[in-house]
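Spelled out from the first residue to the last, the chains are:
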Amino acid sequence: MSSDELAITDEASSYSSRVSAARVQGAIGLIEELYEGQYEGDGPCAATLSAEEYNTFRMLIEKNKKLKGFFEDQLRFEYSRREKHFEIRLPTAIGENAAAAFTNAVVVWPFQLAKDAAEEVLGAVKNIQQCGHTNINFRRARGRPDTKSPDASFGHNGCELGCRTATVVLEVACVHTQDDLYASAKRYICGRKSSVRTVVGLNLHEMYLAELRNEKRGYSADRENETAEATFSVWRATKGPTGKRSVEVVVSNEVFRDKEGSAVPSAAIRLCLADFVSLCKGINNGLEQYRRMNSKDEMDVQEETEPQIDSDSDDDDDGGTSTSTSDVE
């Protein structure tokens, strides 16, 4: 054990008798490996840390001049106190390109609506703001907050209720699985004082594993490389009689890329304006006007909007203007 490791171990032990110096040192070791470019793991870059251990780990990182800026400015990380799970989110080319395609579809939406939307609707859509990878913190009465780092996220400027965090989140699973995506969506939606209304999950896990096999075997122009299908899911927040949030499954594991790598034409991620503005007020009249302007009769409105809008009927539903992102590869 080096002198630096001894110093860290001694300092970690001094904070609390409930802190495992070995686990704190292991987490710091992960950061050092990433800093030095020596991390070679294929799986999640993760560690098990209790709340006390996580707090000690963060304090030691903040005191380390070499690692502090690297950790805070260049790494995406998550922590769950309940699960005692700390993880560094490592980007992949597959995941980053998928997130970029989704983001681009949302960005062009206001321009698609510009000719036909009511003024109030267009104003609300133009206030949709990209939040990128910005951490979403779930505050606790004591200690550091739980933290999630989305692959992409969007909020809404001018929220009358003062929503300060993203309301729509994208999670892309390459290393992780469909079960991990659902667990992540649940944490986003049900986290303490969360503003997240909708989580979109892209499951690229089988694609990622196929590429690892291609890489191990060696890419060759003489033979066809292996690939796999990809799916998406959509989860929305819903409220019970007591106001407690729970997760509604809107779409589950729908294939948008088949086993041969071709896009599925019928697959489309459908989101509505209410997903982005969440609990914000003041756009109902505009949405109703937009529906009247763009529908021939009441039956057409029902047939066109019901598959695309929030299916819950709580008081927070703001309407049904929708966008779709399809053929994401």
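Residues numbered from 1 in each chain as written. Predicted model: local features only at pLDDT ≥ 70, side-chain atom pairs only at ≥ 80, totals over all residues. Heavy atoms only, no water.

Asks: Is there a simple way to explain the overall build of the protein chain in this structure?
Replies: What the protein chain contains, in helices and strands, is eleven helices and 13 strands. When the 329 residues of the protein chain are sorted by exposure, 47% land in the buried category. Put simply, of all contacts in the protein chain between residues at least 6 apart along the chain, 68% involve residues at least 24 apart. As displayed, the protein chain offers around 17300 Å² of accessible surface, 45% of which is attributable to carbon and sulfur atoms. (Helix = DSSP H or I, 4+ residues; strand = E, 2+ residues; numbered from the N terminus. Buried < 20%, exposed > 50% of the residue type's maximum accessible area, 1.4 Å probe, protein only. Contact = heavy atoms within 4.5 Å. Areas by Shrake-Rupley, 256 points an atom, 1.4 Å probe, with all protein chains shown as cover.)

Asks: What am I meant to see in the nonpolar core here?
Replies: Note on soluble globular proteins: their nonpolar side chains tend to be buried together. Counting residues in each nonpolar core, the largest one holds 35 residues, and the members touching the most others are Leu202 and Leu204. Take this core: its biggest share by element is six residues, from helix H5 (residues 93-113). With sequence-adjacent residues up to four places away left out, leucine 204 is seen in contact with Ile94, Gly95, Ala98, Val172, Ala173, Cys174, Ala230 and Phe256. Formed by 22 residues, the second largest nonpolar core is a distinct cluster that contains Leu30, Phe57, Ile61 and Phe86. (Core = buried A, V, L, I, M, F, W, Y, C linked by side-chain atoms within 4.5 Å.)

Asks: Whenever I open this one, helix H4 (residues 65-74) confuses me. Can you help?
Replies: What sets the pattern is the α-helix's 3.6 residues per turn: residues three or four places apart point alike. Within the span of H4, buried status applies to Leu67, Phe70 and Phe71. Projected down its long axis, H4 carries its buried residues within an arc of 95 degrees, all on one side. Exposed positions of H4 whose direction lies more than 90 degrees from the buried face are Lys65 and Asp73. Among the residues of H4, the N-terminal cap falls to asparagine 64, whose side-chain oxygen and the backbone nitrogen of lysine 66 are separated by 3.0 Å. (Arc of directions from axis to C-beta. Polar contact = N/O pair within 3.5 Å; in protein donor to acceptor, adjacent residues only side chain to side chain.)

Asks: What is the right way to read the environment of valine 24 from this model?
Replies: Note that valine 24 resides in helix H2 (residues 21-36). Of the residues examined, valine 24 reaches a relative accessible area of 0% and is grouped as buried. Each C-alpha atom of the pair valine 24 and threonine 48 lies 8.9 Å from the other, and the pair is 24 residues apart in sequence.

Bear in mind that shape data such as this cannot, by itself, settle questions of function.
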